[in-house]
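What the coordinates show
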Amino acid sequence: GDSVTQMEGPVTLSEEAFLTINCTYTATGYPSLFWYVQYPGEGLQLLLKATKADDKGSNKGFEATYRKETTSFHLEKGSVQVSDSAVYFCALSGPRGSSNTGKLIFGQGTTLQVKP
Amino acid sequence: NAGVTQTPKFRILKIGQSMTLQCTQDMNHNYMYWYRQDPGMGLKLIYYSVGAGITDKGEVPNGYNVSRSTTEDFPLRLELAAPSQTSVYFCASYDGGADEKLFFGSGTQLSVL
């Protein structure tokens, strides 16, 4: 079945460091790909998404590119801030309009801690 | 605009007890979902609903029941709590639109002892 694998955490970085969180997926067809973020004590929030190969999602300085050839959707940010400390989840769903739209399959989450 | 509201935030149950986790949304979304998150694991879909009166099983439905009598509410019922149901439970909603954006509640942390 479909699945998502993320790099193990926790990831600890100093402020202004470059961030990469790896995400690879296994899916039939052409899924939509997402990054969700969970700040302490809150629910998950959509950070960015991409719906087809070579699409780049971006938001709040974060970017991820849908790479079908490597089945990857790595999250990057050029300069992290303390306020970026959170848990990041990679996820996929069925193609838009399919019966699996909205039924997300999540990776295990990666905890990011940014130190001043 | 409250979004998705879950109650309670924390609960401890004894084995065999029952309880209902409440979820309500004020965005008039047709789609609603229940996920559980075990430590070190991704969220797994328990049940979902595409509209009032319609529910279906997700990946891990055993031990749970749901109902959807209104658009706003999607309660999750545990009938005979077991230690394996110790988890954090998230409710989410979605309007079915092209942005594919799910809105999540802040979660219910449940321990079964």
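Residues numbered from 1 in each chain as written. Chains lettered and ligands numbered in written order. Predicted model: local features only at pLDDT ≥ 70, side-chain atom pairs only at ≥ 80, totals over all residues. Heavy atoms only, no water.

Some details on the packing of aromatic side chains
Any two aromatic rings considered together are summarised by their centre-to-centre distance and by the angle between their planes. Which entries qualify depends on this criterion: Whether two aromatic rings pair depends on their centres lying within 6.5 Å, for rings of Phe, Tyr and Trp, where Trp uses its six-membered ring; planes under 30 degrees apart make the pair stacked, over 60 edge-to-face, and the rest tilted. Counting from the N terminus, the helices are DSSP H or I runs at least four residues long and the strands are E runs at least two residues long. Here, over-ring charges are defined by two tests on the NZ atom of lysine or the CZ atom of arginine: distance to the ring centre within 6 Å, and angle to the ring normal within 35 degrees.
Applying the stated rule across the entire model yields 13 aromatic pairs over all chains. Centroid distance Y36 of chain A to F104 of chain B: 5.6 Å. Interplanar angle 75°. Geometry classified as edge-to-face. Here Y36 of chain A, found in strand β5 (residues 32-38), pairs with F104 of chain B, found in strand β10 (residues 103-104), and the two come from separate chains. Among the aromatic residues, those joined into a cluster by ring pairs are F34, Y36, F89 and F106 of chain A together with Y33, Y35, Y48 and F104 of chain B. Positioned above the aromatic ring of F74 of chain B is the side chain of R68 of chain B, whose terminal nitrogen or guanidinium carbon lies 5.9 Å from the ring centre.

Side note on the nonpolar core
Operational definition: For our purposes a nonpolar core is just a set of buried Ala, Val, Leu, Ile, Met, Phe, Trp, Tyr and Cys residues, chained together by side-chain atoms within 4.5 Å. Each residue is placed in one exposure class: buried if its accessible area under a 1.4 Å probe, protein chains only, is under 20% of its type's maximum, exposed if it is over 50%, and partly exposed if it falls in between. By definition, residues are in contact when any of their heavy atoms lie within 4.5 Å.
Formed by 26 residues in total, the largest nonpolar core has its most connected members in L19, W35, L47, L48, F73, L75 and Y88 of chain A. In terms of residues, this core owes the most to one element, strand β10 (residues 86-93) of chain A, which gives 4 residues. Sequence-distant contacts of L47 of chain A, that is, excluding residues within four places in its chain, are made with W35, Y36, V37, N59, K60, F62, L75 and Y88 of chain A. Core analysis: the second largest hydrophobic core is formed by 20 residues, M19, Y64, L76 and V112 of chain B among them.

Comments concerning the side chain of T65 of chain A
Here T65 of chain A shows up in strand β8 (residues 62-65). Look past the residues within four positions of T65 of chain A in its chain and what remains in contact with it is D54, D55, K56, S72, F73 and H74 of chain A.

Regarding the pattern of salt bridges
Note the following rule: By definition, a salt bridge exists where a carboxyl oxygen of Asp or Glu is found within 4 Å of a side-chain nitrogen of Lys or Arg.
For the structure shown, the criterion picks out 7 salt bridges over all chains. The salt bridge involving K49 of chain A is made with E100 of chain B; its shortest N-O contact spans 3.6 Å. One end of the pair, K49 of chain A, is in strand β6 (residues 44-50); the other, E100 of chain B, is in the loop between β9 (87-94) and β10, on a second chain. Residue classification places K49 of chain A among the partly exposed residues on the basis of a relative accessible area of 24%.

Considerations on the state of the cysteines
Keep this limit in mind: The definition used for a disulfide is geometric: two cysteine sulfur atoms within 2.5 Å.
What the rule picks out here adds up to 2 disulfides over all chains. Each disulfide pairs two cysteine sulfurs, and for C23 of chain A the partner residue is C90 of chain A, the sulfurs being separated by 1.9 Å. Because the torsion about its S-S bond is -70°, the bridge between C23 of chain A and C90 of chain A counts as left-handed. On the criterion of sequence distance, the pair formed by C23 of chain A in strand β4 (residues 23-26) and C90 of chain A in strand β10 is long-range, its members being 67 residues apart. For the pair C23 of chain A and C90 of chain A, a shared accessibility class is recorded, and that class is buried. Here C23 of chain B connects covalently by a disulfide to C91 of chain B, the sulfurs 1.9 Å from one another. On the sign convention where negative is left-handed, the bridge of C23 of chain B and C91 of chain B, at about -70° about the S-S bond, is left-handed. With C23 of chain B in strand β3 (residues 19-25) and C91 of chain B in strand β9, the pair connects residues that are 68 residues apart, well separated along the chain.

Considering the sheet that holds strand β7 (residues 56-59) of chain A
Residues and elements named next belong to chain A. For the record, the criterion: One bridge is not enough; two strands pair if DSSP finds at least two bridges between them. Axis geometry follows a simple rule: fit a line to the C-alpha atoms, using only the stretch in contact for helices, then measure angles between N-to-C directions, giving values from 0 to 180 degrees.
Strand order in the open sheet made by the 4 strands is β3-β9-β8-β7, with antiparallel pairing throughout. Two strands in the sheet have a free side with no partner beyond their single neighbour: β3 (19-21) and β7. Taking the axes of each pair of neighbouring strands and ignoring which way they run, one obtains an average angle of 15° across the sheet. Pairing of β3 with strand β9 (residues 75-77), which is carried by 3 bridges, proceeds in the antiparallel orientation. Its bridge partner being in β9, I21 is matched across the sheet by L75.

These results come straight from atomic positions and should not be treated as a statement about function.
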